[in-house]
Every structure is written in C-alpha cells, then in structure tokens.
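Structural overview for review
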Amino acid sequence: MRRRAIILVLDGVGAGEAPDTAAYGDAGSDTLGNTARVVGGLQLPNLQKFGLGNIEPIAGVEPTDAPQAAWGAMNPASPGKDSTTGHWEIAGLHLERPFPTYPNGFPADVIEAFIRATGRGVLGNIPASGTEIIARFGAEQEKTGKFIVYTSADSVFQVAAHEDVIPLKELYTACEAARRLLVAPNDVSRVIARPFLGRVGSYRRSKNRRDYSLAPPADTLLDALAGAGVSRAGVGKVDDLFSGRSITSRHVADNAEGIRAIMEWLASAQGGLLFANLVDFDTLYGHRSDVAGFERALRQFDDALPAMRAALREDDLLFITADHGNDPTTGSTDHARERVPLLVAGPQVHPLPLGTRPTFSDLGATVAEWLNIGFRGQGTSFLLTLERGQSS
C-alpha cells in the first residue's frame, strides 16, 4: 500500500495571536479561544483527545496527558491573512509582498474596464460583508441588471448577481474577465463570483460561489508531487486557490458534504495527497460574526473525527490545521492574522509536542518528505519528530 497524506484545512479556525497580529489591526483575535469563552466552553471531546487543548487555553477543551495526535501551532510567515496566502504557504510558497486591498473601493479605471469587458454596469464598489451588500443593492440589481461589485479587508474582487437576473454562466464569464484584467498593481488575490437568490428582505447567497485565484508565481508542493507522478485530489475550493494548477477538487455545498467527500477518499484512494478545505467556519459564521454557528460547525467536525481516525491506514498521515483566523467574537467581519492549530495523527505518529512552527510551510515540507519527494519549499520537515520522537 502506498503512503497517503491528508491536509485538512478548517478555514478560518485560528489559534490565537501571531507575533505580528497587532500590526494587522487584529490585536486580541483568538478564534478558538474567544469562541470558547463566549459560549461558556466548547464541547469537543474528540479534538480534546487529539490534543487541541494542549495547543492553547480553550475553555471546555482541557489539555490531555495522553493525546492521540502530535500537537502544536504554526505562525504565518507570508504577509497577508487570506485563504490564498495561507494555502500557498502550507504548500511551501511565501509571498514577497501582500496582495493589494481596497478600503475605498476599486480605482475608476478598474471598474470602467470591467464594465467594458462585461457590457453591464456596476453597483456598489465599496467594502462590505456579503449579506450587507445584497441587502443594500439587491433590489436595484434585480431592477437594473447591473453587477454588484464589492471588496472587504481582504484582497478580493467580489461580483454578486441574482441568479434569476444574470445566469450563472454569464456571472462566471464576467469573473473570468475580471481575473484577466486584475494584473499588477491591481493583482488581487481572488475574484469571487457571489450569486444570490430570494426577494427583497430575504436575499440569501446561493451555494454556487466560484473563486478565481492568481496562479502561484513559483512551484508549490502540488507541482512537485505532480512532477513526481504522485496523485493529488482536493475537496472544496483548494483547486480554485491554486488556479487549477496541479490539483482538481471535488466542490461541495457545505462542511457536511465535504466531510463525506473526505471519508470517501479515505475509503478508496490508493496513495497520494488529499488537500481539503472545510469553508463553513469562515464563510457562514466567521464573516457573519455568528458565534453559535461557529460552535455548531466545530461540534459537527468533532463528531466526524473518530470515523476519520478509524479510516486511517498504516501509511497515512492526517494533518488538521487552518489558513488564517476569523474570530466571530470581535465585531469584525474580516479575517484575522492568527497562528493556526496543528494536529497530526496516524498509526506511525508519536503523539509529542511539535512546538510553534515559524511557518505554515513546515507542514508542506513534512508532507513532501512523507511522500518521498525532495521538495521542501520554504519549510522544514518535522517528520522525524512524528516517526521517531526526534527533534527536527
């Protein structure tokens, strides 16, 4: 049986302040710790058994002396706090500069070029949350047929349209046009199609979101695996974040479907890498400051963890981590610059502390060594610690 590795990203599930959190305006952000405090303690018995409570103080999740996984945390090294930056860093690539952001909306020349390319006008062009923007401009969008364009504190060019007014195919084509237009110095991390449904007073975003990321500017773990002939599969938006390069993902409607897809891969894949993203923590709850929903999503994942662990084969490594924070308790609806949790399980894992790694890329380097390729990217493998209990 060939070796397998599973990178499971709990999108937005940060684990407290990184050394430079304050510089990003996120002082006090601690997605797991603050969520636990506000709800009066998290009940995550399976993550507790893995050692989640050993990483940082989390109300309700006590440390354990006999964890089922190796545990630690990882600091972000790349500038920024978005999904593209986080996933690229996991895969061994660091940015030289952060992606551009637009607190006052996009420049007039960018909007004019988008209008010319799509043949439709634009509403909005402001930073806003997704629910706020469609509540404010949804009726006008239905009436005029214009696109709603908006951004956030992250590097995103988001395009919203009612599915009954602008067909999905046209919305996706418009986003592809925007992706081609948005080059340096306006090279935003992602263009995101944000279709919505419903009527005035009850608009809701649909499940047909699509992301269009920049292509990574250098080789990543995925490219190295492809070059070595090692199979790669994704769950969720992972392929979008790498502009479809060296990975194809199964897109899912929610975390529940994502978990089912992960379980199916565990039951059938003969080797290689699964790179999965569970996005509901971020999209549905973090961005909407929904603490109760965030807690439910954590419990849903916790409930699934025993079956995942039981499905691991002798030559499997399961990595559970995140790409950034998105603290639902702070009043911000944007991502937070946080360190992320690191849990590693598998039959060959020594359940020891991994410390606080200086970069997410250490995870990718460890996967590369486990899958017998020479790539290390910007990281340092900690495989010896996992296999033999030796410091790396």
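In this report, the structure presented in the accompanying data block is examined. (Residues numbered from 1 in each chain as written. Predicted model: local features only at pLDDT ≥ 70, side-chain atom pairs only at ≥ 80, totals over all residues. Heavy atoms only, no water.)

1. Details of the overall build of the chain
In terms of regular secondary structure, the chain is built from 14 helices and 14 strands. Over its C-alpha atoms, taken along the principal directions, the chain stretches across nearly 65 × 50 × 40 Å. Each of the 392 residues in the chain was classed as buried or not, and the buried ones make up 60%. For the chain, contacts bridging at least 24 residues in sequence account for 67% of all contacts bridging at least 6. For the chain, the accessible area works out to roughly 14500 Å², and carbon and sulfur atoms hold 49% of it. Considering the chain, the positive charge centre built from 38 side chains and the negative charge centre built from 46 side chains are found 5 Å apart. (Helix = DSSP H or I, 4+ residues; strand = E, 2+ residues; numbered from the N terminus. Buried < 20%, exposed > 50% of the residue type's maximum accessible area, 1.4 Å probe, protein only. Contact = heavy atoms within 4.5 Å. Areas by Shrake-Rupley, 256 points an atom, 1.4 Å probe, with all protein chains shown as cover. Lys, Arg positive; Asp, Glu negative; His and termini not counted. Charge placed at Lys NZ, Arg CZ, Asp CG, Glu CD.)

2. Comments concerning the nonpolar core
Core analysis: the largest hydrophobic core is formed by 84 residues, its most contacted members being Leu-221, Leu-273, Phe-275, Phe-301 and Leu-386. Here this core takes seven residues from helix 12 (residues 291-311), the largest share from any one element. Every residue in contact with Leu-386, bar those within four places of it in the chain, is listed here: Ala-70, Leu-317, Phe-319, Val-344, Gln-348, Val-349, His-350, Leu-354 and Thr-366. Listed in part, the 22 residues of the second largest apolar core include Tyr-102, Val-122, Cys-175 and Tyr-212. (Core = buried A, V, L, I, M, F, W, Y, C linked by side-chain atoms within 4.5 Å.)

3. Thoughts on unusual backbone geometry
Along the chain, Ala-184 connects to Pro-185 via a cis peptide bond; the corresponding omega equals 10°. Inspection of the secondary structure assignment puts Pro-185 in the loop between helix 7 (168-181) and strand 6 (190-197). Unusually for a residue other than glycine, Ser-243 sits at a positive phi of about 55°. Summarising the element assignment, Ser-243 is placed in the loop between helix 9 (238-241) and strand 10 (249-250).

4. What to know about the side chain of Asp-82
Structurally, Asp-82 can be placed in the loop between strand 2 (70-74) and helix 4 (83-90). Buried charge without a partner: Asp-82 forms no salt bridge, and the closest opposite charge is Arg-190, 5.0 Å away. Polar contacts involving the side chain of Asp-82 include one to the main-chain amide nitrogen of Thr-84, which spans 3.0 Å. Looking at Asp-82, its side chain comes within polar contact range of the side chain of Thr-85, at 2.7 Å. Setting aside residues up to four positions removed in sequence, Asp-82 forms contacts with Phe-99, Ser-189, Asp-323, His-324 and His-335. (Salt bridge = Lys/Arg side-chain N within 4 Å of Asp/Glu carboxyl O. Polar contact = N/O pair within 3.5 Å; in protein donor to acceptor, adjacent residues only side chain to side chain.)

5. Some words on the side chain of Asp-223
Checked against the element boundaries, Asp-223 lands in helix 8 (residues 221-227). Residue Asp-223 is classed as buried on the basis of its relative accessible area, which comes to 13%.

6. Thoughts on the packing of aromatic side chains
This model, assessed by the stated rule, comprises nine aromatic pairs. Between Phe-281 and Phe-294, the ring centres sit 5.9 Å apart and the planes meet at 50°, which makes this aromatic pair tilted. Placement of the pair is Phe-281 in helix 11 (residues 280-286) and Phe-294 in helix 12, with a sequence separation of 13 residues. The class of Phe-281 is buried, set by a relative accessible area of 0%. Since its relative accessible area comes to 0%, Phe-294 is described here as buried. Taken together, the ring pairs connect Tyr-102, Phe-106, Phe-114, Phe-147 and Phe-157 into an aromatic cluster. Note that Arg-3 overlies the ring of Trp-370, its terminal NZ or CZ placed 3.8 Å from the centroid. (Phe/Tyr/Trp six-rings, centres within 6.5 Å; stacked < 30°, edge-to-face > 60°. Lys NZ or Arg CZ within 6 Å of the ring centre and 35° of its normal.)

7. What about the packing of helix 5 (residues 108-118) against helix 7?
At their nearest, the axes of helix 5 and helix 7 sit 10 Å apart, and the two run at 135° to each other. Looking at the two axes, helix 5 sits oblique to helix 7. Helix 7 is crossed by helix 5, and the crossing has right-handed handedness. Contact residues: Ala-113, Phe-114, Ala-117 and Thr-118 in helix 5; Ala-174, Ala-177, Ala-178 and Leu-181 in helix 7. Partitioning the contact of helix 5 with helix 7 into residue classes produces seven nonpolar, one polar and no charged. (Axes fitted to C-alpha atoms, helices over the stretch in contact; angles between N-to-C directions. Parallel < 35°, antiparallel > 145°, perpendicular 65-115°, else oblique. Left-handed = near helix turned anticlockwise from the far one by under 90°. Nonpolar A, V, L, I, M, F, W, Y, C, P; charged D, E, K, R; others polar.)

8. Let's talk about the pairing of strand 11 (residues 272-278)
Of all seven residues in strand 11, seven are buried, a share of seventy percent or more. In this sheet, strand 11 lies alongside strand 1 (residues 4-10) in parallel orientation, the contact comprising seven bridges. Paired with Leu-10 across the bridge in strand 11 is Leu-278. Inspection of the sheet shows strand 9 (residues 232-235) paired to strand 11 by four bridges, in the parallel sense. Following the sheet pairing, Gly-234 is matched in strand 11 by Phe-275. (Pairing = 2+ DSSP bridges.)

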